[in-house]
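One letter stands for each residue in the lines below.
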Amino acid sequence: FFFFFFFYKFRIHRQRAVIMTSGDDKAQMQAEAMKEFLENTTAQLKQYTVTPRLEYKTISGVNGPLVILDHVKFPKYAEIVNLKLPNGDERAGQVLEIEGDKAVVQVFEGTAGIDAKATQCQFTGDVMKMSV
């Protein structure tokens, strides 16, 4: 949503700038406007968080590196899941498969010590990101 809003705002700003100038000034103003647009968009996306985050204690099974969760509302493919174990350890995982209200999560750091009744799973609403 933010991206489209800023793109629309940039487009209007750019059209106004093009009407008032010509030649090299026009190209320079377009470059400056694009730079400003990218800086604003990047700043907005860096601070973007989904709240509230949904937490569940509905693990129905653990099989190798996979955790199966029941009664999950609106899980998304590739969504990042944080697991908090009863001993306080935290692990991260990613949704691999969704079927109805069930989600299969691959735990990146292994499933040793995960208790099906006491482990809390928090869906972040975000996907994995890597800086380039």
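Conventions we followed
- Each chain has its residues counted from 1, following the order in which its sequence is written.
- pLDDT decides what is reported in this predicted model: residues at 70 or higher carry local features, side-chain atom pairs at 80 or more are listed and counted, and totals for whole chains, interfaces and linings draw on all residues regardless.
- Calculation of side-chain values draws on the structure's entire complement of heavy atoms; hydrogens and water are dropped beforehand.
- Paired strands, in this sense, are two strands between which DSSP finds at least two bridges.
- Numbered from the N terminus, helices here are DSSP runs of H or I no shorter than four residues, and strands are runs of E no shorter than two.
- Comment: axis = line fitted to C-alpha atoms, over the contacting stretch for helices; angle = value between 0 and 180 degrees taken between N-to-C directions.
- The nonpolar core is taken to be a set of buried Ala, Val, Leu, Ile, Met, Phe, Trp, Tyr and Cys residues, with the residues joined through side-chain atoms within 4.5 Å.
- The cut-offs for exposure are 20% and 50% of the maximum accessible area for each residue type, with area from a 1.4 Å probe on protein chains only; residues under the lower value are buried, those over the upper are exposed, and the others partly exposed.
- The contact criterion used throughout is that any non-hydrogen atoms of two residues lie within 4.5 Å.
- Working convention for charge: Lys and Arg count positive, Asp and Glu count negative, and His plus the chain ends are omitted.
- By definition here, a salt bridge exists when the distance from a side-chain nitrogen of Lys or Arg to a carboxyl oxygen of Asp or Glu is within 4 Å.
- Under this definition, polar contacts are N or O atom pairs within 3.5 Å; protein pairs additionally need one hydrogen-donor-capable and one acceptor-capable atom, and for neighbouring residues in sequence, both atoms have to be side-chain atoms.
- Patch members must show over 30% relative accessible area and no salt bridge, and they are joined within 9 Å when carrying like charges or within 5 Å when they are nonpolar side chains of Val, Leu, Ile, Met, Phe, Trp or Tyr.
- We get accessible surface area from the Shrake-Rupley algorithm with a probe of 1.4 Å; when it comes to residues, only the shown protein chains can shield them.

Student: Where do I start with the sheet that holds strand β3 (residues 66-69) in this structure?
Tutor: The strands that make up a sheet pair up through hydrogen bonds in the backbone, lying either parallel or antiparallel. The sheet built from 7 strands is open, its strands ordered β1-β7-β4-β5-β6-β3-β2 with antiparallel pairing. Taken across any chain shown, the strands that pair with only one partner, and hence form the sheet edges, are β1 (54-56) and β2 (59-63). Sheet twist, expressed as the mean angle between neighbouring strand axes with direction ignored, is 30°. As paired strands, strand β4 (residues 79-84) and strand β5 (residues 90-99) are joined by 5 bridges and run antiparallel to one another. Following the sheet pairing, N82 is matched in β5 by A92.

Student: Explain the nonpolar core here, please?
Tutor: If you look at soluble globular proteins, the nonpolar side chains tend to sit buried side by side. Grouped together as the largest cluster of nonpolar side chains are 15 residues, with contacts concentrated most on V67, L69, V81, L83, I114 and F123. Elements that contribute at least two residues to this core include exactly β3, β4, β6 (102-107) and β7 (120-127). Considering each element in turn, this core owes the most residues, 3 residues, to β6. Residues in contact with V67, not counting those within four places in the same chain, are I59, G61, V62, L83, A103, V104, V105, V107, T111 and I114.

Student: Quick question: what am I supposed to make of the side chain of R91 here?
Tutor: Structurally, the position occupied by R91 is in strand β5. Buried and unpaired, R91 has D89 as its nearest opposite-charge partner, separated by 4.6 Å. Here the side chain of R91 touches A112 through a polar contact of 2.7 Å, landing on its backbone oxygen. Excluding residues within four positions of it along the chain, R91 makes contact with V81, N82, L83, L85, V107, E109, G110, T111, A112 and I114.

Student: So what exactly am I meant to see when it comes to the pattern of salt bridges here?
Tutor: Two side chains bearing opposite charge may form a pair once their charged atoms approach each other closely. In total, this model carries 1 salt bridge according to the counting rule given. As a salt-bridge pair, D70 and K102 come within 3.9 Å of each other at their nearest N and O atoms. One end of the pair, D70, is in the loop between β3 and β4; the other, K102, is in strand β6, and 32 residues separate them in sequence. Owing to a relative accessible area of 17%, D70 belongs among the buried residues under this scheme.

Student: In this structure, what is going on with the environment of V107? I would like to understand it.
Tutor: Tracing the backbone through its elements, the reader meets V107 in strand β6. Once the C-alpha coordinates of V107 and R91 are considered, the two residues, 16 residues apart in sequence, prove to be 7.1 Å apart. Ignoring anything within four residues of it in the chain, the contact list for V107 reads P65, V67, L83, R91, A92, G93 and I114.

Student: Teacher, can you tell me more about the pairing of β5 here?
Tutor: The side chains of a regular strand alternate, first on one face of the sheet and then on the other. In sequence, β4 turns back onto β5 through a hairpin of 5 residues, with G88 there showing a positive phi of about 100°. Pairing between β5 and β6: 6 bridges, direction antiparallel. What sits directly across from E99, in β6, is K102. A loop of 2 residues connects β5 with β6, the two strands running antiparallel in sequence, and G100 in this loop sits at a positive phi of about 65°.

Student: Help me understand a nonpolar patch on the surface in this model?
Tutor: A contiguous nonpolar patch, built from F108, M128 and M130 and spanning about 350 Å² of accessible area, is present on the exposed surface. Considering the arrangement of structural elements, one finds M130 in the segment after β7.

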